[in-house]
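# Chains, contacts and geometry: an overview
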Amino acid sequence: MPDASPPDPRTLTPEFAFARAWHDRLGLVRGDDDWATGLWKQNEPCVVVTDGRHVVLDGEHLELLPPSQAPPGDRAVLGEGDGGPTYLAVLVDEVPEQSGRVSTREAAAALDPLGGSLMAHAAGLANWHRTHPRCARCGAETVAADAGHVRRCPVCQASHFPRTDPAVIMLVIDSVDRALLGRQRVWPAGRFSTLAGFVEPGEALEDAVRREVAEEVGITISTVSYGASQAWPFPSSLMVGFFAVAEGTDIDVDGVEIAEARWVTREQLTALAAGGSVRLPGRLSISRWLIETWYGGEVPGNW
Ligand SMILES: [Zn+2]
């Protein structure tokens, strides 16, 4: 019986949205308020405006405003990207309806890598600021600090940091190198992807992979191998991608999150995808990348 061998992450090149940051976040200097204030005197267009759910596009690029034209809102320093200006963000309650306004998900599919990197950073900050206006310890209103990367409580002096919610996303393969695809109960027939789930408190990533696979499809996992990760600021996730080797092949779907799961060989997937009876996520997502990394090339069609 051949051994399933997950791809070696050292040989992989992640190619999907938010696979890596394309800007230097300047984390060592952003606690300097004078420095941060001075950046708002730049004349060049360098300000991203977002409410965390929308941005404004100019073609396939983020629309950037000179600081003098930026609207009021919480201010953040994003960093340096391409030898140009230091990029900044204004975090507003709502981006006004206007030409070029799109959802952050739509923008993720359209943007150049630097633009996507800046948007993921800015939108993640905006989502956090909007939903964390008060101190989690004493309830007082907090104020933004450290160039938008901390909220401080003026009453109890607590510092609050932006949260990121880790989720594991995994392609399960069996001992004869078939892949397991699942369909969530809320998805239409034919829409399939990898399995995924949130990491729980006190849980290692590998254990989260094993638990989620066991819960969703009743399969025991032996080896768990890291593949790549993807920032997913909708609103605040980090998708950590793995290949997981199954010990058995009997599927027992939970019927709650997963309605249907099936093993496929590469040949079967080729035929199912070409015929449209299996549709995979778009190339924006790490799930597509996990599947195509196993498959060894591009699979036709998408959601
Ligand atoms: Zn407080």
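Residues numbered from 1 in each chain as written. Predicted model: local features only at pLDDT ≥ 70, side-chain atom pairs only at ≥ 80, totals over all residues. Heavy atoms only, no water.

Once that is clear, we can look at the sheet that holds strand 4 (residues 74–80). Strands in a sheet are paired, the pairing made by backbone hydrogen bonds, and the direction either parallel or antiparallel. Here we have three strands laid out as an open sheet, ordered 1-5-4, and mixed in their pairing. Looking along the sheet, the strands with just one partner apiece sit at the ends: strand 1 (47–50) and strand 4. Across this sheet, the average inter-strand angle for adjacent strands is 25 degrees, counted without regard to direction. Pairing of strand 1 with strand 5 (residues 86–91) involves four bridges; the strand directions are parallel. The residue of strand 5 that forms the bridge with Val 49 is Val 90. (Pairing = 2+ DSSP bridges. Helix = DSSP H or I, 4+ residues; strand = E, 2+ residues; numbered from the N terminus. Axes fitted to C-alpha atoms, helices over the stretch in contact; angles between N-to-C directions.)

Next up on the list: the packing of helix 5 (residues 266–275) against helix 6 (residues 286–295). Where helix 5 contacts helix 6, the two axes come as close as 10 Å, and the packing angle between them is 125 degrees. Classified by the angle their axes make, helix 5 and helix 6 are oblique. Our pair here, helix 5 against helix 6, has a crossing hand that is left-handed. Two secondary-structure elements touch here, helix 5 through Arg 266, Leu 269 and Thr 270 and helix 6 through Ile 291, Trp 294 and Tyr 295. Across the contact of helix 5 with helix 6, the residue classes tally to four nonpolar, one polar and one charged. (Parallel < 35°, antiparallel > 145°, perpendicular 65-115°, else oblique. Left-handed = near helix turned anticlockwise from the far one by under 90°. Contact = heavy atoms within 4.5 Å. Nonpolar A, V, L, I, M, F, W, Y, C, P; charged D, E, K, R; others polar.)

Turning our eyes to something else, we now look at the pattern of salt bridges. One pass over the full model with this rule turns up 19 salt bridges. The closest approach of N and O atoms between Glu 141 and Arg 134, which form a salt bridge, is 3.6 Å. A relative accessible area of 55% places Glu 141 in the exposed class. Residue class for Arg 134 comes out partly exposed when judged on its relative accessible area of 48%. (Salt bridge = Lys/Arg side-chain N within 4 Å of Asp/Glu carboxyl O. Buried < 20%, exposed > 50% of the residue type's maximum accessible area, 1.4 Å probe, protein only.)

The subject of this paragraph is the environment of Ala 120. Within the fold, Ala 120 resides in helix 3 (residues 113–131). Assessed through its relative accessible area of 14%, Ala 120 is described here as buried. For the pair Ala 120 and Val 217, spaced 97 residues apart in sequence, the C-alpha separation works out to 32 Å. Setting aside anything within four residues of it in sequence, one finds Ala 120 in contact with Phe 18 and Pro 233.

On to the coordination of the zinc ion, then. On the protein side, the zinc ion has Cys 135 (SG), Cys 138 (SG), Cys 153 (SG) and Cys 156 (SG) as donor atoms, found 2.2 to 2.4 Å from it. Around the zinc ion sit four donor atoms; with metal-centred angles ranging over 102 to 118 degrees, the donor geometry is tetrahedral. Sequence spacing of the donor residues for the zinc ion, all on one chain, is C-x2-C-x14-C-x2-C. Taken as a pair, Cys 138 in the loop between helix 3 and strand 7 (143–145) and Cys 153 in the loop between strand 8 (150–152) and strand 9 (159–160) lie far apart in primary sequence, 15 residues in all. By relative accessible area, which is 39% here, Cys 138 ends up partly exposed. (Donors = N, O, S within 2.8 Å, 3.2 Å for Na, K, Ca; no water. Tetrahedral: all angles 85-135°; square planar, octahedral: opposite > 155°, others 65-115°.)

Glancing now at the domain arrangement of the chain. As assigned here, the chain comprises domain 1 (9–17 + 164–295) and domain 2 (33–131). A C-alpha centroid distance of 32 Å is found between domain 1 and domain 2. Facing the six residues of domain 1 at the interface are seven residues of domain 2. The interface formed by domain 1 and domain 2 includes zero salt bridges. Linking domain 1 with domain 2 are two residue pairs in polar contact (both at pLDDT 80 or more), by the criterion used here. The residue inventory of the side of domain 1 that touches domain 2, partitioned by class, reads six nonpolar, no polar and no charged. (Domains from an automatic or database assignment. Polar contact = N/O pair within 3.5 Å; in protein donor to acceptor, adjacent residues only side chain to side chain.)

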